[in-house]
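Okay, here's what each chain looks like letter by letter:
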Amino acid sequence: MKVRILLLTLLCITFGAQAETKASRESVEKLMMLTDVSKIMDAMQGQVSTMFNNMATQMNISEPERPAFEKYMGKIDQLLKEKMTWEQFKEPMINVYLKHFNQHEIDGLIEFYKSDVGKSMTQKMPLVMQDSMMAGQQAMRSLMPEIQAIAQEMQGEIQQARQQAGE
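For clarity, every value in this text was computed on a predicted model and none was experimentally measured. What you see as residue numbers is a count from 1 along each chain, following the sequence as written. The predicted origin of the model limits local features to residues at a pLDDT of at least 70 and limits the giving and counting of side-chain atom pairs to 80 or more, whereas totals for whole chains, interfaces and linings rest on all residues. Computation of side-chain values covers all heavy atoms of the structure but excludes hydrogens and water.

Draft legend 1. Expanded view of unusual backbone geometry. The backbone of Asp-36 shows a phi angle near 55°, a positive value even though the residue is not glycine. Under the DSSP-based scheme used, a helix requires at least four consecutive residues in state H or I and a strand at least two consecutive residues in state E, with every element numbered from the N terminus. As for its position among the elements, Asp-36 is in the loop between helix H2 (25-34) and helix H3 (37-58). Backbone geometry at Asn-60 places phi at a positive 55°, although glycine is not the residue there. Here Asn-60 shows up in the loop between H3 and helix H4 (66-83). Its relative accessible area of 58% is what places Asn-60 among the exposed residues. The rule is simple: take the accessible area with a 1.4 Å probe, protein chains only, and divide by the maximum for that residue type; under 20% is buried, over 50% is exposed, in between is partly exposed.

So, in structure tokens, the structure goes:
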């Protein structure tokens, strides 16, 4: 009787372990190809550039300040284009997927993204992300006066504390 229970337990453990097998690198790469992750990264870089352009308005950059602002935003933009490429993120992203998804889940995602609905999602997701970022920027724009007031209040208190410490 004990032998049967032990065999049944081992069988359940073995079956459970097989159901949760780690995903293969190849299947994760296939999923990333189907979801056009590299194109999404390109779209994100474009959105970051747009965000930088909107910062000039949010920071109340005057016309005489604009050349310096554009010079440094250009440097940041160039840095991001050079250092945040798909080739540099591919391996870390594969490792993230391998950490969080098992083979069964990756296979299910691959099947989904092969479907018409999955293909539609892949095509529309960059637009959804772009519109989402715009909505977030609009929300932040409405909060900026309050954030600036809090920052000025904080700066005043820090200056006051420094003056008191120096006395």
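Draft legend 2. Highlighting the packing of aromatic side chains. In this analysis, rings of Phe, Tyr and Trp, with Trp reduced to its six-membered ring, are considered paired at centre separations within 6.5 Å, and the interplanar angle assigns stacked below 30 degrees, edge-to-face beyond 60, and tilted for intermediate values. Evaluated as defined, the whole model comprises two aromatic pairs. Consider the rings of Tyr-97 and Phe-101, whose centres lie 5.6 Å apart with planes at 35°: the pair is tilted. Residue class for Phe-101 comes out partly exposed when judged on its relative accessible area of 30%. Between Phe-112 and Tyr-113, the ring centres sit 4.9 Å apart and the planes meet at 75°, which makes this aromatic pair edge-to-face. For Phe-112, a relative accessible area of 31% corresponds to the partly exposed category.

Draft legend 3. Representation of the packing of H2 against helix H5 (residues 86-100). Interhelical geometry of H2 versus H5 gives an angle of 120° and a closest axis separation of 10 Å. When the interaxial angle is binned, H2 and H5 end up oblique. Taken as a pair, H2 and H5 cross one another with a handedness that is right-handed. Contacts from Arg-25, Val-28, Glu-29, Leu-31 and Met-32 in H2 reach Trp-86, Lys-90, Glu-91, Met-93, Ile-94, Asn-95, Tyr-97 and Leu-98 in H5. Classifying every residue of the contact of H2 with H5 gives eight nonpolar, one polar and four charged. Lines fitted to C-alpha atoms define the axes here, with helix axes fitted over just the stretch in contact, and angles between the N-to-C directions of these axes take values from 0 to 180 degrees. Relative orientations are named as follows: roughly parallel for angles under 35 degrees, roughly antiparallel for angles over 145 degrees, roughly perpendicular for angles from 65 to 115 degrees, and oblique for any other angle. Definitions for this section: a left-handed crossing has its near helix turned counterclockwise from the far helix by less than a right angle. A right-handed crossing has that turn clockwise. It only takes one pair of heavy atoms within 4.5 Å for two residues to be counted as in contact. Each residue is assigned to one class: nonpolar for Ala, Val, Leu, Ile, Met, Phe, Trp, Tyr, Cys and Pro, charged for Asp, Glu, Lys and Arg, and polar for all the others, Gly among them.

Draft legend 4. View of a nonpolar patch on the surface. Taken together, the side chains of Phe-112, Val-117 and Met-121 make up a nonpolar region of the molecular surface, amounting to roughly 250 Å² of accessible area. If you trace the backbone, Met-121 turns up in helix H7 (residues 116-166). Only residues whose relative accessible area exceeds 30% and that form no salt bridge are eligible for patches; like-charged ones are grouped when within 9 Å, while nonpolar side chains (Val, Leu, Ile, Met, Phe, Trp, Tyr) are grouped when within 5 Å. Surface exposure here means Shrake-Rupley accessible area, sampled with a 1.4 Å probe, where a residue is shielded only by the protein chains that are shown. Every case where a carboxyl oxygen of Asp or Glu lies within 4 Å of a side-chain nitrogen of Lys or Arg is listed as a salt bridge.

Draft legend 5. The nonpolar core, seen in detail. For this analysis, a nonpolar core means a set of buried residues of the types Ala, Val, Leu, Ile, Met, Phe, Trp, Tyr and Cys, connected via side-chain atoms within 4.5 Å. One finds Val-28, Leu-31, Met-32, Tyr-97 and Ile-106 to be the most contacted residues of the largest nonpolar core, which totals 13 residues. Of all the secondary-structure elements, those providing two or more residues to this core are H2, H3, H5 and helix H6 (103-114). Counting residues per element, this core draws most heavily on H5, which supplies four residues. Dropping the residues within four chain positions of it, Ile-106 is found in contact with Ala-23, Ser-27, Val-28, Leu-31, Tyr-97 and Phe-101. One finds Phe-52, Ala-56, Phe-69 and Met-73 within the second-largest nonpolar core, a separate group that totals five residues.

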